[in-house]
Amino acid sequence: MKMAWKEMVKFKTRYVILGSIIFLISLLTMIIAGLANGLSYDNASLIKDIPEGTFYMEAEAEGLYNFSGLNEKNRAEIKEAVPEVAFFSIQMGELESEDGKRHGVAFVNSDGSLFPRVKEGETIVDDSLMESAIKEDEGLTNRLLDGELKVDTFVEQQKFSHSPVAFVDRADFDEMYRTDEYQIAFVEGEDAPAVAGLERYTNDEFMNTIPSYSAEQLSLNMIVVFLFIISGMLFAIFFYMINVQKIAMYGILKAVGVKTATLFRMMWAQMAIITTISLILSVGLSQLLALIMPSTMPFMLTAGSASMMSLVFIIIGFVGSSVSGIQISRVEPMQAINQGGV
Amino acid sequence: MPILSVDGLEKTFSSANREEKVLKGINLEITKGEITALTGASGSGKSTLLTIAAGLQKSTAGTIIFQNEALTDMNTRQVQAIRAKKFGFVFQHAHLVPFLTVQEQLELMMDTAELKWSKDRRKEEIRSILDLVDMWGHRDSYPGTLSGGEKQRVAIARAVVHKPEMLFADEPTASLDSKRSMEVMKLLRTLSRERNITVLMVTHEEETLEYADTIVQMKDGVIGKGLV
């Protein structure tokens, strides 16, 4: 450890360069992961905030919630199997505020046990609509609805498919969409029974039925994975270059009896020091960014996610440097003795 | 009783289309506490003999017995442990670690030999050996700031700081001028006498031979008749 530190201090420039690159890559990875999480939450916070459980949709809908319809018979069957079932429907639509502006929303109607209860003629909306100057008690209209929906209150972070959610009563929902069926049933817990004619989905599976959700997440997660791979290769290449320059020294140290494991430990210590310093800086800066980023830019990076990513970086650094360290085990003392040296 | 004995040692280097026998059945005994010099023309096999005796490369046939143990029968880890604890090495070039000070070079060797010395004992030993090689004043210097002769003196101090039984020196004066060469040879003799260290040395410089107790003349992979 002492030798590792001494070398880093003596040849600061090369290690500062590597540290800077690792810092930038890890910061970029954390920013993209934060955006992926933020977008995911912005896309589906309505579903993300539901506890883990099982969603039921009509099998014929083939995973498209807006094509699903649970009739009286289906609902009775599920209720008989699991009495604590909750039913709800989601439809994309719009609301017009008093100033004449139209706002895209996701109407959600439930039987009341999973989402907030709403009286007929009223609505509870996501607080992002406050930014569009919508106020409590304001009357909102919809072309498919005869009356008004008065804003009862606002709820925090309830979005679906990037649209703010508007919870409405069943009567208002039926009037707008001419249906008396619920689309989805939800049962908390993993042991939900199978029901004939219905398909079961986990929370993650259900989220992937949201249009654009999986495509969006897949692209961002792919970038994150590539950044991890790049950083691993960077470690391998950097330590390879450094090790090539130190072949003679390693040979002599081996000749005088230094164990190969000691030389590996020296390299791992250097990797751990560089990675730890870089990660402390990038986690700190990414948390700062989370505080100062505008609300229009969805960014969410919890301390838990940041720690998990840091751990992945350390493991990748360890693997990358170890792969390049294979050279160390191959160095023959005679090779170094026959060369010149300091 | 010899500290190291070589019996029927052979070494053949093989390449794709030819084989070259460099050592052809060497028999040799090294007496404890003496300086033995291996000398001979270039290609006579003296450096190969020294490096095999020091466990730095394997022989093709024959045995090497060090303190009643067959070095040639040991595995890599056992040989490495012997090199770390009982052997010291001085090469043609000093080969110091560029990012360690003079004092740290010696500490590294003590750590490698896994010595259980107290902090005070370590300091004392470092002071004593650096005084002997006249490098105490340079204890905080890095190799890059030292002259060739100074580096070689540090290399010698590093080779003996852990009190090895044997010191292997492969042309230790080859990169130095004649004045510095004599200083290094005097130093090796002092160490051998004061610390009872057996020295096996390769040299092709005649003036350094006067410091040897035994001179072994090598020619074409065998020990010549001019043994002194």
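See the structure printed just above.
All values derive from a computational prediction rather than experimental measurement. (Residues numbered from 1 in each chain as written. Chains lettered and ligands numbered in written order. Predicted model: local features only at pLDDT ≥ 70, side-chain atom pairs only at ≥ 80, totals over all residues. Heavy atoms only, no water.)

Asker: Is there a simple way to explain the overall build of chain A in this structure?
Answerer: The number of helices and strands found in chain A is 11 helices and 10 strands. Computed over C-alpha atoms, the radius of gyration of chain A comes to 29 Å, more than 25% over the 20 Å expected from 2.2 N^0.38 for 342 residues, which places it beyond the range of a compact globule. Sequence separation of at least 24 residues holds for 80% of the intrachain contacts in chain A that already meet a minimum separation of 6. Split by element, the accessible area of chain A, about 16400 Å² in all, is 60% carbon and sulfur. (Helix = DSSP H or I, 4+ residues; strand = E, 2+ residues; numbered from the N terminus. Rg over C-alpha atoms; globule rule 2.2 N^0.38 Å. Contact = heavy atoms within 4.5 Å. Areas by Shrake-Rupley, 256 points an atom, 1.4 Å probe, with all protein chains shown as cover.)

Asker: Can you walk me through the packing of helix H1 (residues 2-10) of chain A against helix H8 (residues 260-292) of chain A in this structure?
Answerer: Helix-helix packing is characterised by the crossing angle of the two axes and by the distance between the axes. Residue and element names in this part refer to chain A. Across the interface, H1 lies against H8 with an axial gap of 8 Å and an inter-helix angle of 60 degrees. One finds that H1 runs oblique with respect to H8. The chirality of how H1 crosses H8 is right-handed. Each of Met3, Ala4, Trp5, Glu7 and Met8 in H1 lies in contact with H8, whose residues at this interface are Met266, Ala269, Gln270, Ile273 and Ile274. (Axes fitted to C-alpha atoms, helices over the stretch in contact; angles between N-to-C directions. Parallel < 35°, antiparallel > 145°, perpendicular 65-115°, else oblique. Left-handed = near helix turned anticlockwise from the far one by under 90°.)

Asker: Can you walk me through the pairing of strand S2 (residues 86-96) of chain A in this structure?
Answerer: Two faces, one strand: in a regular strand the side chains alternate between the faces of the sheet. Residues and elements named next belong to chain A. Two strands pair when backbone bridges link them, and S2 and strand S9 (residues 184-188) are joined in this way by three bridges, in the antiparallel orientation. Directly across from Phe87, in S9, lies its bridge partner Ala185. The hairpin formed by S2 and strand S3 (residues 102-110) contains five residues between the paired strands, and Gly100 there has a positive phi angle of roughly 90 degrees. (Pairing = 2+ DSSP bridges.)

Asker: Explain the interface of chain B and chain A here, please?
Answerer: Taken together, the contacts link 28 residues of chain B with 24 residues of chain A. The junction of chain B with chain A conceals about 2300 Å² of combined surface from both sides, 68% of it contributed by carbon and sulfur atoms. Among the residues of chain B in contact with chain A, Leu56, His95 and Phe99 of chain B are the three that bury the most area, contributing 29% of the side total. On the surface where chain B and chain A come into contact, there are three salt bridges. Across the pair Glu114 of chain B and Lys259 of chain A runs a salt bridge, and its minimum N-O distance is 2.9 Å. If you look at where chain B meets chain A, you find seven residue pairs in polar contact (both at pLDDT 80 or more). At the level of elements, helix H2 (76-85), helix H3 (102-112) and helix H5 (148-160) of chain B are the ones that each hand at least two residues to the side of chain B that touches chain A. For the side of chain B that touches chain A, the element with the highest residue contribution is H3 of chain B, accounting for five residues. Looking at the side of chain B that touches chain A residue by residue, the class counts come to 14 nonpolar, seven polar and seven charged. (Buried area = accessible area lost by both parts, 1.4 Å probe. Salt bridge = Lys/Arg side-chain N within 4 Å of Asp/Glu carboxyl O. Polar contact = N/O pair within 3.5 Å; in protein donor to acceptor, adjacent residues only side chain to side chain. Nonpolar A, V, L, I, M, F, W, Y, C, P; charged D, E, K, R; others polar.)

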